[in-house]
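Letter by letter, the chains look like this.
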Amino acid sequence: MRLGLLSLLAVLAATPVTAGMPHLANGQLIVDGKPFLILGGELGNSSASDPKYLDKLWPRLDRIGLNTLLVPVEWDQIEPVQGQFDFTVLDGVLAQARTHNTRVVLLWFGAWKNSMSTYAPAWVKHDPKRFSKAKSAAGETQDILSPFDPDNLAADQAAFVALMTHLKATDPQHTVLMIQVENEIGMLPDARDYSVAYKGQDDEAFQAKAFARYVEAEVKAGKAVYPLPMYVNAALNRPGKKPGEYPSGGPLPHLFDIWKKEAPSLDLLAPDIYFPDFVNRVDQFAGRNTLFIPEANQAGSPEAAANALYAIGEHRAIGFSPFSIEDLSEGDPLVGAYAMINQLSPLILSGKPMKGLRPPVDYQGTVDETPQTFTLGGYSFTASFVDPWTPKDKQNVATHGAILIQTGPDEFIAAGSGVTLTFATQTGRVGIEQVIEGTYEDGQFVPGRWLNGDQTHQGRHVRLPLEQWSIQKLKLYRYE
């Protein structure tokens, strides 16, 4: 679909914002009037640039069990000539998603993608006098558009507004749930852009303010047209590295206050987590923010399923999404985990008390196998991540994870793999009244095997076996 800017604005004026559009409320993503849990995957950067290429990927994507696909939209592709917009590729991608009953989160690859400005249109790249670039401390020009140049913002913002205008006019069924604004913003190779003078002490804070103010202007303009939820994603810093050795000034935990103040129209700040210490990283974002994980390692990471269970169960994340999802193999554990989480999603989204479980891993990759003790529903639970019936050298403990949901007095659903639960109370003793293996269909538990005897170690524990995804309904009782 090809439209000039004036035509787009005319469409905007004539098209009302439809009721029931996706939004965030009380820490949940609301879609079609109901809470929605994103079981997602992000496409490789170039996979959606050609609908014919993407069409060949759908059989694999369908088998993974996704309900949402994260898809880039390229500035250079939609605005090859300034003021002339071509949404043919985007329309083709969204049509395919609708055919496959899949929602979409759009990633706006505008001024910045992984710090760089490679997705700017040719008419921007070839006019550095008008669209100025950042400079290093040594005075070298970088392939990074400067956030201090109002012409850069005006051009990027105009394209973003055109995108939101087009979505408002052409997506009444709300295939698109959210918008990521830019991608992994941050300055390289120094802490700040030296194209402007600055005499302060904190170069990174200065740069963060510039980025956040730029994004705020873009988000406000986009939401004025079509107020979908919008977020930015963070390329996380490595321990011991200085700003500029990692993308400086992005929406990182130590810069949250700046980003929250300078870009209040953003709905959330999201981490892209490629380091082993997932628990540590995600905890820093969850305490200050509705949690969404748009990129979680490369597809095929063996810890992905455990990470998803932890983020959703412990922090009520609104979604989880490995990167380069089209490369996931059919037998990957995440496929089974997504199927299990999808069954449980009505329960997860109901607001019932729950706990996410996985062993912490440090930045060097060392797994902390210490059992974890916590309280839920008036009981003290201890979760062990080393399976009691499997030789230790046959276990990859970092992949073990579970979610525990309280469904009623003394009643729980335990779901996951490689986790064993025991129970206690401060007074009296605790026994297992019943454990039933089963599934969930349309929000209702469908019973299967009654687990007892060896399967519960004669009533001593609930065991979620290795190398499979198990849902077990547990009822406890107290005795003296």
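The coordinates are above.
Residues numbered from 1 in each chain as written. Predicted model: local features only at pLDDT ≥ 70, side-chain atom pairs only at ≥ 80, totals over all residues. Heavy atoms only, no water.

Quick word on the overall build of the protein
- Looking only at helices and strands, the protein features 12 helices and 25 strands.
- Over its C-alpha atoms the protein spans a radius of gyration of 24 Å, differing by no more than 12% from the 23 Å that the globule rule assigns to 480 residues.
- If you line up the protein on its principal axes, its C-alpha atoms span 80 × 50 × 35 Å.
- Within the protein, the proportion of its 480 residues that are buried is 55%. (Helix = DSSP H or I, 4+ residues; strand = E, 2+ residues; numbered from the N terminus. Rg over C-alpha atoms; globule rule 2.2 N^0.38 Å. Buried < 20%, exposed > 50% of the residue type's maximum accessible area, 1.4 Å probe, protein only.)

Notes on the layout of surface pockets
- By volume, the largest pocket is sized at about 570 Å³.
- In terms of lining, the largest pocket is formed by 24 residues, of which the most central are Phe36, Leu37, Asn67, Asn342 and Ser345.
- The set of elements that each furnish at least two residues to the lining of the largest pocket consists of strand E4 (34-36), helix H5 (88-99), helix H12 (333-348) and strand E22 (429-441).
- Sorting elements by how many residues they give to the lining of the largest pocket places H12 first, with four residues.
- A per-class count over the lining of the largest pocket returns 10 nonpolar, eight polar and six charged.
- In this structure, the second largest pocket occupies an estimated 270 Å³ of space.
- Every residue lining the second largest pocket is counted, 19 residues in all, and those nearest its centre are Asn114, Glu184, Ala235, Leu236 and Tyr274.
- Looking at the lining of the second largest pocket residue by residue, the classes come out as eight nonpolar, three polar and eight charged. (1 Å grid on protein atoms, 1.4 Å probe; cavity = no way out; pocket = protein on both sides within 12 Å on 5 of 7 lines; lining within 4 Å. Points joined across faces, edges and corners; volume = space filled by probe spheres on them. Nonpolar A, V, L, I, M, F, W, Y, C, P; charged D, E, K, R; others polar.)

Considering the sheet that holds strand E6 (residues 68-74)
- Reading across the sheet, the eight strands line up as E14-E13-E12-E11-E8-E6-E5-E15 and stay open at both edges, with parallel pairing between neighbours. Of all the strands in the sheet, just strand E14 (295-296) and strand E15 (319-320) have a single pairing partner and so form its edges.
- With two bridges joining them, strand E13 (residues 268-273) and E14 adopt parallel strand pairing. Counterpart to Asp272 in the pairing with E14 is Glu295.
- Each of strand E8 (103-113), strand E11 (176-183) and strand E12 (230-235) is contacted by helix H8 (residues 203-225), which is oriented at about 150° to E11, the strand it contacts most. (Pairing = 2+ DSSP bridges. Contact = heavy atoms within 4.5 Å. Axes fitted to C-alpha atoms, helices over the stretch in contact; angles between N-to-C directions.)

Things to note about the sheet that holds strand E2 (residues 23-25)
- Across the sheet, three strands lie side by side as E2-E3-E4; this open sheet has antiparallel pairing. With partners counted over all chains shown, the strands left at the sheet margins are E2 and E4, one partner each. In this sheet, neighbouring strand axes are inclined to one another by 55° on average, regardless of whether the strands run parallel or antiparallel.
- Relative to E4, strand E3 (residues 28-31) runs antiparallel, the two sharing three bridges. Paired with Val31 across the two strands is Lys34, which belongs to E4.

A word on the environment of Ser46
- Residue position: Ser46 is located in the loop between strand E5 (38-42) and helix H2 (51-55).
- Accessibility expressed as a relative area gives 51% for Ser46, which makes it exposed.

Topic: H8
- Here H8 spans 34 Å end to end across 23 residues, near enough to the 33 Å set by a 1.5 Å rise per residue.
- By the N-cap criterion, in which a side-chain oxygen at the helix start approaches the backbone nitrogen of a residue two or three places on, H8 is capped by Asp202, the distance to Glu204 being 3.2 Å. (Expected span 1.5 Å × (residues − 1). Polar contact = N/O pair within 3.5 Å; in protein donor to acceptor, adjacent residues only side chain to side chain.)

Digging into empty space enclosed by the protein
- With the rule as written, the count across this model stands at one cavity of 30 Å³ or more.
- In terms of lining, the largest cavity is formed by Ala48, Val71, Pro72, Val73, Glu74, Gln77, Ile78, Val89, Leu90 and Val93.
- With four residues, the single largest contributor to the lining of the largest cavity is E6.
- Here the lining of the largest cavity is composed, by residue class, of eight nonpolar, one polar and one charged.

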